[in-house]
Structure formats: C-alpha cells, structure tokens
Amino acid sequence: MDQPIRLKNNGQISIVLNSQKRKNLPRELPEAQIAQKTLQSEHLALREIEDELAALIGMEEMKKMIKEIYAWIYINKKREEAGLKVGKQALHMMFKGNPGTGKTTVARLIGKLFQKMNVLSKGHLIEAERADLVGEYIGHTAQKTRDLVKKALGGILFIDEAYSLGRGGEKDFGKEAIDTLVKHMEDKQHDFILILAGYSKEMENFLSLNPGLHSRFPLVIDFPDYSIEQLMDIGQLMLKEKEYTLSRESEKKLRDHLLWVKTVLNPTSFSNGRYIRNVIEKSIRSQAMRLLMQNHYDRHELMTIRSNDLVFEEDE
C-alpha cells in the first residue's frame, strides 16, 4: 500500500531534475498532492489501528494478519466496484493461545477496524463464557445463545474458553450452544463476527465437536507466550504510565522470578501479561504501605518500587 506513493515521489524527483520538464511542475504537483492525500485518507482506518497495535508488545504475526485482513477486505471492495467476482467473506475467527496474551485486546481493535471499514455497523464487543450461553433445561441454552447473538449484531461476539462448551459430552447443554452458534454464523454471517478463544490444544479438540465448525473459521490467529524480555517491557510500560519505576535490585528480582515461574513452576498455565499486571498492581500497594509506615514521601521514593515491595502470587 505504500509502494504507489513511493513511485509517485520518485516521479516528482525526476521532473525536478529535468529542466526541460520543469514547466510542467506547477500543474503536476497539485495532482500528486491530491492523489497522496486521497490515499492517506482512504487508509486512515488502517493507520489508526496500526498506531494502537504499535503500542502493544510483541504479537508480530497477529499484527501482520490484521494488515492482511484489511487488504483482503479493501481489495474485494475494489473488485466489486470493477464488476469482478468477489468471494464470500466469512470473517469469523479463532484465537488460540494461553491466558494474558492479548486476545481480548486484539478483538476490540478488530471491532474498531471493521466498524471504520463499514464491515460492521457498530464494532462493539460482547464478551461471553460458558455460563452466558448454557442454560439449565432443554431449550434454555438455545434462547440464551440467540439473545447473545442479538446483542452482538453489528459487532463482535467474543467467547473465551470456548472449548468448555464441549466438555460435558453428548448430553451436555453446551453442545446445544455450539449447534445454535453454527446456525447463526451462517444465517447472520454479515451481521456479526464470532471470535472463539482458548488454549491451542483444547481449541483443536473443540473443532471436532461439530462438522460445520472448522470450515466456518477461515481466520485462525495464534497468540504465542511472551518472552521474559517482552514481559519486562510490558511491566516497564505499565509502570511508566503510572509514573513509577523499578530500582535496579527490583528489576533483577522481577526478571529472575519471571524466569522461574515461566520455565519451572507454571510452564503450561502461566498467565503472561495478566501475571505481570497483577504483580505491578500488588507491588504498588505494597510500596504505598511501606512509605506510609516510614513516613517518607520525597518524589524519588514516591516513584520507586524497591525489591522488598515486589509481591508475587506464590508468596501470598
């Protein structure tokens, strides 16, 4: 999308350097400026979302995927304008990854992007889990699921830990919720987008529960765990926004602890960004208590989280 702009810029430079064509410059420059402004405004939706994505740590594959989705929708609109065949656009998605890897955050951004592109009329996000869909008696589940879809019309229905709908076997009402969702995914596929999220392995098993599920999710995005460095960057960003900073000792202590939790204690159930956020919030409260007891409130101390302020879930 950037290349046409670069080509136009190159063309302008060659005109400036060629004295024989210098007379044409005043007439051609405004046209080029108009074209550039048109292109910029046309892709404003993507640039605004990219600015928000840039603030997120990691998730490079996901950022690339969102750009591809944008290009796919945009070019299909251009093909339609040119009278060419346009494939049916099913935009239901599956997010696979551990907790705290940014799935809900990305779902909100996708809703905003699709609203700006007129793919969705509202772009809002309805978050749900098993309890919001599964009822207590026959017929109750289908009604609850239909009500949720109705609330999500014009936006996104985001179901976290979706695999839990299939855990009860054939007689469980979760299967009724799945069947109802599959029907609405087809009947109202241009009115809302369904995003199912959960652990990678469990989501693969979930797809086998209904033969119509797999084909209805053309967009599958993997959310890998954060590295230690990325987790530290997330923590530093959170602290910076709140006007706090880690002392050198506390930074080392936090890094060592994250390495231990991630690789030794909870390698399969580590909650990534959620874990680091909890540590930061608890440590800020711990620092406040320490300063209160010390009756010491200079600016540097008010901003500094020291090693003995750090509070880890495993220590509580």
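The structure presented is a predicted model; accordingly, all values stated were derived computationally and were not measured.

K.L.:
Explain the nonpolar core to me, using residue names and the numbers behind them.
P.N.:
Note on soluble globular proteins: their nonpolar side chains tend to be buried together. In this structure, Phe95, Phe114, Leu254 and Leu258 are the most contacted members of the largest nonpolar core, which totals 51 residues. Among the elements that make up this core, the one with the highest residue count is helix α4 (residues 60–81) (seven residues). If near-sequence neighbours (up to four positions away) are discounted, Phe114 is found in contact with Ile69, Ile73, Leu91, Met93, Val119, Leu120 and Ile193.

K.L.:
I'd like a description of the layout of surface pockets, backed by residues and values.
P.N.:
Roughly 770 Å³ of volume is contained in the largest pocket. Around the largest pocket sit 28 residues that line it, and Gly100, Gly102, Thr105, Gly273 and Arg277 are the ones nearest its centre. Grouping the amino acids of the lining of the largest pocket by side-chain chemistry returns 10 nonpolar, six polar and 12 charged.

K.L.:
Give a description of the side chain of Asp309 that names residues and reports values.
P.N.:
Summarising the element assignment, Asp309 is placed in the segment after β7 (304–305). Only 2.8 Å separates the side chain of Asp309 from the side chain of Arg290, close enough to count as a polar contact. Those residues within four positions of Asp309 in sequence are excluded, and the remaining contacts are Ser283, Ser286, Gln287, Arg290 and Thr304.

K.L.:
Provide a residue-level description of the packing of helix α3 (residues 44–54) against helix α5 (residues 103–116), including the pertinent values.
P.N.:
In the contact formed by α3 and α5, the axes pass within 9 Å of each other and the chain directions differ by 165°. Regarding the angle of α3 to α5, the classification is roughly antiparallel. When the axes of α3 and α5 are compared, the crossing they make is right-handed. Here α3 contributes Ala45, Leu46, Glu48, Ile49, Glu52 and Leu53 to the contact with α5, which in turn contributes Leu109, Lys112, Leu113 and Lys116. Class assignment for the residues of the contact of α3 with α5 results in six nonpolar, no polar and four charged.

Calculation notes
Residues numbered from 1 in each chain as written. Predicted model: local features only at pLDDT ≥ 70, side-chain atom pairs only at ≥ 80, totals over all residues. Heavy atoms only, no water. Core = buried A, V, L, I, M, F, W, Y, C linked by side-chain atoms within 4.5 Å. Buried < 20%, exposed > 50% of the residue type's maximum accessible area, 1.4 Å probe, protein only. Helix = DSSP H or I, 4+ residues; strand = E, 2+ residues; numbered from the N terminus. Contact = heavy atoms within 4.5 Å. 1 Å grid on protein atoms, 1.4 Å probe; cavity = no way out; pocket = protein on both sides within 12 Å on 5 of 7 lines; lining within 4 Å. Points joined across faces, edges and corners; volume = space filled by probe spheres on them. Nonpolar A, V, L, I, M, F, W, Y, C, P; charged D, E, K, R; others polar. Polar contact = N/O pair within 3.5 Å; in protein donor to acceptor, adjacent residues only side chain to side chain. Axes fitted to C-alpha atoms, helices over the stretch in contact; angles between N-to-C directions. Parallel < 35°, antiparallel > 145°, perpendicular 65-115°, else oblique. Left-handed = near helix turned anticlockwise from the far one by under 90°.

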